[in-house]
Structures are given as C-alpha cells and as structure tokens.
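The lines below spell out each chain.
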Amino acid sequence: MIFKLAWRNIITRPLSSGLSVVLLSSSIMVIVLSMLTMKQMRSKFNENANKIDLVVGAKGSRLQSVLCNVFHIDYPNGNIKLKEVDFLFKHPFVKSAIPISLGDSYKKHRIIGTNPNFITEIYNGSILKGNFFNKSLEVVIGANVAAKLKLDIGDSFYGSHGIEESTHDHEDFPYRVVGILSPTGEIIDQLILTSLESVWQVHPHNDKKGSFDLKTAEEHDHHSHDHKTEVSENNSEVTAVLVNYNSPRAKFSIPGIVNQKNALMGAEPAIEIKQLLDLIEPAVNVIYVLSLFIFGISLFSIVVTLLNSMKDRKYEISMMRVGGASVRLIFISIILEGFFIGLIGSISGLILGHSIMGIMARFLNIKYNYQFSGLVFDSLELVLLFLTILIGMTAAIFPAIAAYRLDISKTLKNKT
Amino acid sequence: MELAYIIGLNQKKLIRTNNISVKYGEIDIKFPNINLDYGGQMLIMGKSGSGKTSLLNILGGLLSPQTGNVLVNDTDLFSMSNNKRDNFRGQQIGFVFQTPHFIKSLSVNDNLKFSQYMSSKVNQPKIDMLLKKVELNHLKKSSIQNLSEGEKQRISIIRALVNQPSIIFADEPTSALDDNSCNNVVDLLTNLSQENNTTLVIVTHDKRIKDKFPNQINLNDF
C-alpha cells in the first residue's frame, strides 16, 4: 500500500516528477554513453594494437601509420620498398613480418594485399567457406563483407581506386571471391584480402608502386597504367610491414634499427594507442564532469519537486497522521518517492544511453567499418543504477524531514 | 470529584479528562472535565475562539495540553510515546473535519483502504458495506478529486468508521452545509455511530444541530 501511495503520488504530478526524471536520465545517459564509447574504443584499440608489436612504414605520423595499417581507419603515410625491409624477414628476433599493401576498396571495404599469414597469424582467422587466395586477383573476404555485400564464392567485383571518393573502378581487373572467413568480431571481418601480387598487378607503375596515397586517389592517372607490365618483387613497394617479435630484446633493438633508415619509420601500436587514449581522456573527463553537473541539478530538482509536493500535500499528510500513520510511515513514503524517481531516472537513462550507443554504433560501423554495439554492458552501470537510486532517496530526506516536522494541529486548524 | 477520579469510584468511562488547559501566547484556555460513556454522544458548542477545536485536538491526541491529562479507554494519551499515540489513534479514534481532506492521488476505495492499512486492519468487506450504506458504492474506483463536497463529507464519515474505532470526533462537520445536507450528515453520523457502538463527540458552533443532542457542553459557560 505504501509503495502504491508513493507511486501514485509521483504519477499524479507528471510535470514536476517528469522534470526530475528527465534531468536524471539525461545525466545518466551522457555518463553511460561516454562510458560505453570509451570502453569499446579502449577494448577495440587495445585488442588490435596488442596483435602487432611494430608497424614499419613510410616516414610521417606514427599514429597515422598505426591507425591506417592496424585499424584501417586512416590514410597511409606513403609506401616503402620491400628490399629496404628485407632484413626484417630474416632477423632472429622477428617471429613474423607480414607485408601489407593498400590502395583500393570495394563499396568502402578496404582491399588489402598481403599473404595468408595476415589472416592466420595476426587474427587467428580461419576459412569458413572456400580456400585462401592462391592466384593473383583471388580474394578472401571477411565475414561481415560477405554478409553485408551478399558476396559468395565465385562472385566477381571490380575494386575502386581509393577508399572514400573513388574516381574510377579498375575495370580490367575483376577480383574473384575464393574464400570467406569465419567471423572474429575484429577488423578483419570488414576487410577484403588478396595477394600482394594482385595489388601490384592492378597498380603497375613505372616505379612498381604497390599502393597509393588514398587521399590523392583523384590525382591518380588511371591512363598511365600499363596493365601488362610484369612486376618485379625486388623493386616493389608495400604500405607497411607488420612485425611481431619472438624475443623481448627485440623491443629495444628493432625499432632503433628501423628508425635509423631514412625511408622507414617504426611505430609501436601499443604506445601510439595509449597516447591517443591519453589525448581523448581529458575530453571524456570534461563530459563526465558536465554530466555530473546535470546530475547535481537533477538532485536539486528532486528536492524542490518533493518539497513543493509536501506543501501541496500538507493537509493530506496531516490527515494521514490523524488516521494513525506514524511519522516513520510518512517518512518512508516520501523516501520511496525519491526511490521511484531515482529508479525511473536511472533505468530510462541506461536505456537511452544504450539506444543512442546503438544508433552511434551503426554510424561508426558504416563510416569506419568498426563493430561498436549498444548491447555492451559495463558492471559500473549497476553501480550507477544503485547510486542514482540512493541519491534519489537521499534527496528525498529533506522533504521527508519537512513532513516529519509538520504540526498537524496547526495545519488542520488553518483549514478545517 | 478529584479524589473519586483517583480512586476510581466513578463508573468506567470511555473518555475522561482532568483539568486540561492550553496556552496560546498570553491566553490560557481552561476546559471543563469531560466524562463520556461507551457508545455515548456529546455535542460541544462554543463560539469562535472558545477553544472547541483545541479541545477536540487534545481529546484526539493531536495537541498536547498545557496541563491535565486525557484518558481514553483508561489509557493516558499523553504518557505514550508519539509512535504509540499515533498507533492508538489509528486503532481507537476516527475524525471528521469540516473540510474533508483526502490523499488526492488515490481512489475512493484506496483512501479508505489506506486508513485501514495505517492501523493494520485492512478489511475490504467492511469498506464495501459502509459504501453501500451511504449509497456511494458506485464511486468506489473514482478519483477522490471527482467527488462533490457532499460526497466527500460522506466518504470522510466512512473513513472515520472503517477501523471500527471506539470514538469519532467531528469538528464542525455541518458548518459549510445547507440545511438538508446538514441534517443528512448529522443523521448519518449519529446512526452509523450507534450501529457500530461508537462514541460520538461533535464540536460545533452550528445551532441547527443543538436540539439533536441531549448531552451537551457549552464552552461559553466556562
């Protein structure tokens, strides 16, 4: 009965109770949204960054090199000659060195020239259907690419030059799907993988460039291609080599060796990502502080709402006391109102936060091919839920004390 | 009388007061001693400012007297803790006021049920029976705010009775009503309290009901 009374008292004052709930849920929503974004970003970044010890690419921005070659969300710094990184393939501290070559895409999914070790060693991927690529222009596609673009074994397509805005398709070079990868939940699900030779065949420049600066795709002179030119691997270029060490000592020697070379730059994904997250962290903290500010306002609003409600209800409360309700019962019923406002506010905030995360995830998925989700949960949300309810109840203490101190005799005398 | 009261020579009464008074600033109001039998009815009259409502609030345990004590069912109201007094009031006393106040967010039935809940006596058949008696059963599920003043007053009389109290205190229950409604409300109060063997105390300045109660105290005489 006491629960019913508290609940009815809230729903019969939809405007004032609604304002408190809206303020509470807005702040919870912002907190949840920031928390889920950071959690997923950290997890995606770390899980991918930890797969590769060193990215060896062209000189330029280290972060850009990592974002492009590990996360596939930025443009390459440039190309490097394979012969310059030859030593990596033979170095005793190197467990694996996998060259990758970027340049084209198909319906916003990047086509990566590499070797099957990229799939098996870096991502522990496996073939779900078909085989690994064996010949030039054969491709293996990630699980999401197959699902999203409805591609199957034997299907063909033409790669587009560049990633974002493509000026033309490589219409003389149809890629053929020979394999589909099992889903991994990682970036490889979004990629189209082919041999290095395929990329070189599609882009056989005089200087045997294996990849292009994707930013300047429009400047690419398609007509200068000599598609029949045989590529020489010795002179060929790749975008980067992804290196994994087999000795802890490699961490102290290999980046130094790489960086001493004029054309090369080594970037350690773990370090770059930590720096990136450290850069983002203050901005997220500002959002947290803002949401805490809204949270504070919402608590103030609960106090004001309930205090006003107490003023409106002083005769009701007096009548309850006359009818035998103890001050404890009245106190509990008002605390329960704070409980309900806190409960509705936090639950609606959590639902809103996850829903907006879900909408944002769709956008991130389309824009960056990164799988974010609104259905990811954090144990802190439970803490947030209990904390909000507790704070809602705490905010109700002041109005409850006001009701506790109500002089029944005086109140009734004024209106009997 | 004082001695007789102490040694208990008097007949057992439901309500006994002894030298009660209240003080409002410089004004001291002394009240006559009241002795009322079980099932009895009493009218307390007096003009404005004579302390009628204060007396009623003291008898109901809502206001502590400056001096004296109040015994209800041989229990000294003001020697109890606040919690016990609240509970005692819920069990033993019903109130009817000139302006009937209810919990606006609850329906008619839930208001009556909440009164029972407060004294741990939830008894839906009793509510149904009383609602039928005042012919308001059809308004059981209505919001209390949709009722007319006359209907609200009748519901407030039922509310005073739902816990089967020993006493009903009615404070100016008829002052705002026309003659017809005034008679109806007084008849309802007297009949229902008689049927339920409940003692009835009405304080009023409404002379229209003066002749209906042989047992009267006029505070103007003190």
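Check the entry above for the structure.
Residues numbered from 1 in each chain as written. Chains lettered and ligands numbered in written order. Predicted model: local features only at pLDDT ≥ 70, side-chain atom pairs only at ≥ 80, totals over all residues. Heavy atoms only, no water.

### Here we look at the environment of A:Ala143
All names here are of chain A. Formally: Helix numbering and strand numbering both begin at the N terminus, where a helix is a DSSP run of H or I of at least 4 residues and a strand a DSSP run of E of at least 2. Per-residue accessibility, obtained with a 1.4 Å probe over protein chains only, is compared with the maximum for each type, and a residue is labelled buried under 20%, exposed over 50%, and partly exposed between these values. Any pair of residues with heavy atoms lying within 4.5 Å of one another is described as a contacting pair.
Mapped onto the secondary structure, Ala-143 falls in helix H6 (residues 143-149). With relative accessibility at 14%, the residue Ala-143 sits in the buried group. For Ala-143 and Ser-182, which are 39 residues apart along the polypeptide, the C-alpha to C-alpha distance reads 5.9 Å. Setting aside residues up to four positions removed in sequence, Ala-143 forms contacts with Leu-181, Ser-182, Pro-183 and Asp-189.

### Considerations on the pairing of strand E8 (residues 167-171) of chain B
Residue and element names in this part refer to chain B. For clarity, the threshold we go by: Strand pairing is assigned whenever DSSP identifies at least 2 bridges connecting the two strands. If you view a crossover with the strands going away from you and the path from the first strand over the helix to the second runs clockwise, you call it right-handed.
Most of E8 is tucked away: 5 of the 5 residues are buried. Relative to E8, strand E7 (residues 93-97) is paired through 5 bridges, and the arrangement is parallel. Each residue of the ladder has a partner; that of Phe-95, found in E8, is Phe-169. Pairing of E8 with strand E9 (residues 199-204) involves 5 bridges; the strand directions are parallel. In the sheet register, Asp-171 faces E9, and the bridge partner there is Val-203. The parallel pair E8 and E9, bridged by helix H7 (residues 179-195), forms a crossover whose chirality is right-handed.

### Digging into the packing of aromatic side chains
Formally: Two rings from Phe, Tyr or Trp (for Trp, the six-membered ring) form a pair when their centres are within 6.5 Å of each other. A pair whose planes differ by under 30 degrees is stacked, one over 60 is edge-to-face, and the rest are tilted. The criterion is that NZ of a Lys, or CZ of an Arg, lies within 6 Å of the ring centre and within 35 degrees of the ring normal, and then a charge sits over that ring.
Going through the model one piece at a time under the given rule, you end up with 9 aromatic pairs over all chains. On the basis of an interplanar angle of 20° and a centroid distance of 4.2 Å, the ring pair of A:Tyr106 and A:Phe157 is categorised as stacked. Placement of A:Tyr106 in strand E3 (residues 94-106) and of A:Phe157 in strand E7 (residues 156-161) is noted, with a sequence separation of 51 residues between them. The pair formed by A:Tyr106 and A:Phe157 is uniform in burial state, with each residue classed as buried. The interplanar angle of 45° and the centroid separation of 5.8 Å between the aromatic rings of B:Phe95 and B:Phe169 together place this pair among those described as tilted. One end of the pair, B:Phe95, is in strand E7; the other, B:Phe169, is in strand E8, and 74 residues separate them in sequence. Residues B:Phe95 and B:Phe169 agree in their burial class; the two are buried. Taken together through their ring pairs, the aromatic side chains of A:Phe3, A:Trp7, A:Phe339 and A:Phe340 make up a single cluster. One residue, A:Lys261, lies across the ring of A:Phe87, its end atom 4.9 Å from the ring centre.

### Let's talk about the pairing of strand E4 (residues 109-114) of chain A
All names here are of chain A. Burial within E4 is extensive, with 6 of its 6 residues counted as buried. The two faces of E4 match: His-109, Ile-111 and Gly-113 on one face and Arg-110, Ile-112 and Thr-114 on the other face are all buried. Where E3 lies against E4, 4 bridges are found, and the strand directions are antiparallel. Across the sheet, the residue bridging to Asp-104 is Ile-111, located in E4. Connecting E3 to the next strand, E4, in antiparallel fashion are 2 residues, including Lys-107 with a positive phi near 45°.

### Things to note about the interface of chain B and chain A
Note the following rule: Once two parts are put together, the accessible area they lose, assessed with a 1.4 Å probe and summed over both, is termed the buried area. Salt-bridge detection follows one rule: a side-chain nitrogen of Lys or Arg within 4 Å of a carboxyl oxygen of Asp or Glu. Side-chain atoms alone can form a polar contact between residues adjacent in sequence; in general such a contact is a pair of N or O atoms within 3.5 Å, and within protein one must be able to donate a hydrogen while the other accepts it.
Tallying the contact residues gives 28 residues for chain B and 26 residues for chain A. Around 2500 Å² of area is buried between chain B and chain A when both sides are counted, 63% of it from carbon and sulfur atoms. Among the residues of chain B in contact with chain A, B:His101, B:Ser105 and B:Met118 are the three that bury the most area, contributing 24% of the side total. Where chain B meets chain A, there are 2 salt bridges. B:Asp86 is the salt-bridge partner of A:Arg321, the closest N and O atoms lying 3.2 Å from each other. Counting across the interface, chain B meets chain A through 7 residue pairs in polar contact (both at pLDDT 80 or more). Of all the elements in the fold, those that place two or more residues in the side of chain B that touches chain A are helix H2 (52-59), helix H3 (82-92), E7 and helix H4 (108-118) of chain B. Take the side of chain B that touches chain A: its biggest share by element is 6 residues, from H4(B).

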